Amino acid sequence: MSKQSSKYVCQLCGYVSPRWTGKCPNCSEWNTFVEEAPIPLKLVRKSGGIASKLNAVPLNEIDSVSDVRFVTGLAEFDRVLGGGIVTGSVILLGGDPGIGKSTLMMQVALHLKDKVVLYITGEESPKQVKLRAERLGTATNNFQLLAETNLETITDVIERALPDLVIIDSIQTLFNPNLESAPGSVGQVRESTGMLTRIAKAKNIPIILIGHVTKEGAIAGPRVIEHMVDAVLQFEGEKHYAYRILRGIKNRFGSTNEIGIFEMHDTGLREVLNPSEIFLSERSYGSSGAAIVASLEGTRPILIEVQALVTTSNYGMPQRTSTGFDLRRLQMLLAVLDKRVGINTGTHDVFVNIAGGIRIDEPAADLGIATAIVSSLRDIPVDSQTVAIGEIGLGGEIRTIAHCDKRVQEAAKLGFKTIVVPKTNAKKMKSTKEITIIGVESIQEAIKHLVE
Ligand code: TYD
Ligand code: MG
């Protein structure tokens, strides 16, 4: 392939140009041209060639190699993937720089002692990788390292070595010398992903691609490769906390609502197998403005403390600040409290915080947040042995939540005595000697139980 043969294609209208242009002469859009490698000639079918001899096959006749998976032994990682790595799959691991992507992948590689893992690094020198690996565990001879960024060399090595797993650190450093654009550009990243995906499928080797997230939060710029891979995982966390959360964003072989929780130590990432205990370990016993909710992350219930601080506002415009909870949802809850219960916070600043640097996205936390707000406003602490869960509707009604039984079980397991849940959920459950279940229909009723 010569350099002249690569082409630039407008990503909006498909217009092809031999060189890069700022503005598309066809659709007049700006910055839409991306370099693409030409299709190798042997793949171009002539009429009457192989295409006419190919037949579709009944799905039933295809060998079901259903999900040949292997577990890595890092339980939190395996769970997010839906039970281990599927052979031949391509997994994209995204996250902010410095969050711990290389560390996580190195630990996966070190865990897989009986599998040949090829770790390709384009960012660190072999010495740096070795230094880190020594801190994280002991490597066997199955751990192979390659410091390379040239895509052609990399594909060559993979095809010769045929490892059990390939880790690319990172996809943004790879380049195909046949393309003119720089490593990390959309054209290069897409070309590298495409090439590696073909090898993964052809040789049935799973490949994990590490990708940095841009300022806008998208992996490799405009999400160009998310649709090309089988699974997209996001590694996230607050800079000031040791917790790291691994989230599935897309998964062709499992559910996407599982999360894995890790804690960063000086010897690497440690799995957090019982998150509730961690998130409750620094509870503010006996002070007002705190409530415990049972949030569901994937299939796992996690008990979390939600905190609110309601103070008289010193400025004309009262502030509403929220960390770890949607601000618009908070404003909605304040409006419902005002209209349906007559609790007005119009002259108060309201701060809401989810303890431990975690983010709650599900409506089942509504009741806990509202309870914490009322508790702070009235300066009455919520009973420390009580959990509150339920979605609050605009009419002040407490709506049904999913998997209430799991949440109740987790609360009972951790020694809580009472749990306030939506009435519709409570009807299907019975109190036990460990935990009393209270069903509530409206926010007024819930507040009577919780903060009076
Ligand atoms: P790294 O895996 O290099 O991040 P990424 O590949 O996502 O850019 O992790 C970098 C951070 O992790 C760095 O700030 C130091 C910290 N760290 C530890 O705290 N303990 C450890 O054992 C390791 C290896 C890293
Ligand atoms: Mg790294």
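Look up: the structure comes first, before these words.
This section reports on the structure supplied with the text. (Residues numbered from 1 in each chain as written. Chains lettered and ligands numbered in written order. Predicted model: local features only at pLDDT ≥ 70, side-chain atom pairs only at ≥ 80, totals over all residues. Heavy atoms only, no water.)

Bringing the overall build of the chain into the picture now. Within the chain, the secondary structure is distributed over 12 helices and 23 strands. The C-alpha extent of the chain, read off along each of the three principal axes, is 80 × 55 × 50 Å. Sorting the 452 residues of the chain into buried and exposed places 48% on the buried side. As presented, the chain carries roughly 22100 Å² of accessible surface, and 52% of it is formed by carbon and sulfur atoms. (Helix = DSSP H or I, 4+ residues; strand = E, 2+ residues; numbered from the N terminus. Buried < 20%, exposed > 50% of the residue type's maximum accessible area, 1.4 Å probe, protein only. Areas by Shrake-Rupley, 256 points an atom, 1.4 Å probe, with all protein chains shown as cover.)

Surveying the vicinity of ligand 1 reveals 16 residues, the closest of which are Gly98, Lys101, Ser102, Thr103 and His265. Arg132 places a polar side-chain atom, nitrogen or oxygen, 3.1 Å from an oxygen atom of ligand 1. When isolated, ligand 1 has an accessible area of 550 Å², and the protein chains bury 72% of it. Contributions of two or more residues to the shell around ligand 1 are made by helix 3 (101–111), helix 4 (126–136) and strand 13 (259–265). Here the residues of the shell around ligand 1 sort into four nonpolar, seven polar and five charged. (Near = heavy atom within 4 Å. Polar contact = N/O pair within 3.5 Å; in protein donor to acceptor, adjacent residues only side chain to side chain. Nonpolar A, V, L, I, M, F, W, Y, C, P; charged D, E, K, R; others polar.)

Another point: the nonpolar core. One finds Ile369, Ile373 and Ile443 to be the most contacted residues of the largest nonpolar core, which totals 44 residues. Taken together, the elements giving at least two residues each to this core come down to strand 12 (243–251), strand 13, strand 15 (290–297), strand 16 (300–312), helix 8 (327–341), strand 18 (348–354), helix 9 (366–378) and helix 12 (443–450). When residues are assigned to domains, this core turns out to be shared by domain 2 (68–273) and domain 3 (277–450), each giving three or more. Here Ile443 is in contact with Val336, Leu337, Arg340, Val341, Leu367, Ala370, Ile392, Gly396 and Ile398, once residues within four sequence places are set aside. By size, the runner-up hydrophobic cluster in this structure holds 32 residues, among which are Ile85, Leu104, Val108 and Leu165. (Core = buried A, V, L, I, M, F, W, Y, C linked by side-chain atoms within 4.5 Å. Domains from an automatic or database assignment. Contact = heavy atoms within 4.5 Å.)

This next bit is on helix 4. Those residues of helix 4 not exposed but buried are Val129, Arg132, Ala133 and Leu136. One face of helix 4 carries all of its buried residues, which in axial projection span an arc of 100°. Those residues of helix 4 that are exposed and aimed more than 90 degrees away from the buried face are Lys127, Lys130, Leu131, Glu134 and Arg135. (Arc of directions from axis to C-beta.)

We now examine the packing of helix 3 against helix 4. In a packed pair of helices, the relevant descriptors are the angle between the two axes and the axis-to-axis distance. Running from amino to carboxyl end, helix 3 crosses helix 4 at an angle of 65°, the nearest separation of the two axes being 10 Å. In terms of axis orientation, helix 3 runs roughly perpendicular to helix 4. For the pair helix 3 and helix 4, the crossing hand works out as right-handed. Together, Ser102, Thr103, Met106, Gln107 and Leu110 of helix 3 and Val129, Arg132, Ala133 and Leu136 of helix 4 make up the contact between the two elements. Broken down by class, the residue content of the contact of helix 3 with helix 4 amounts to five nonpolar, three polar and one charged. (Axes fitted to C-alpha atoms, helices over the stretch in contact; angles between N-to-C directions. Parallel < 35°, antiparallel > 145°, perpendicular 65-115°, else oblique. Left-handed = near helix turned anticlockwise from the far one by under 90°.)

In short, geometric facts, not functional conclusions.
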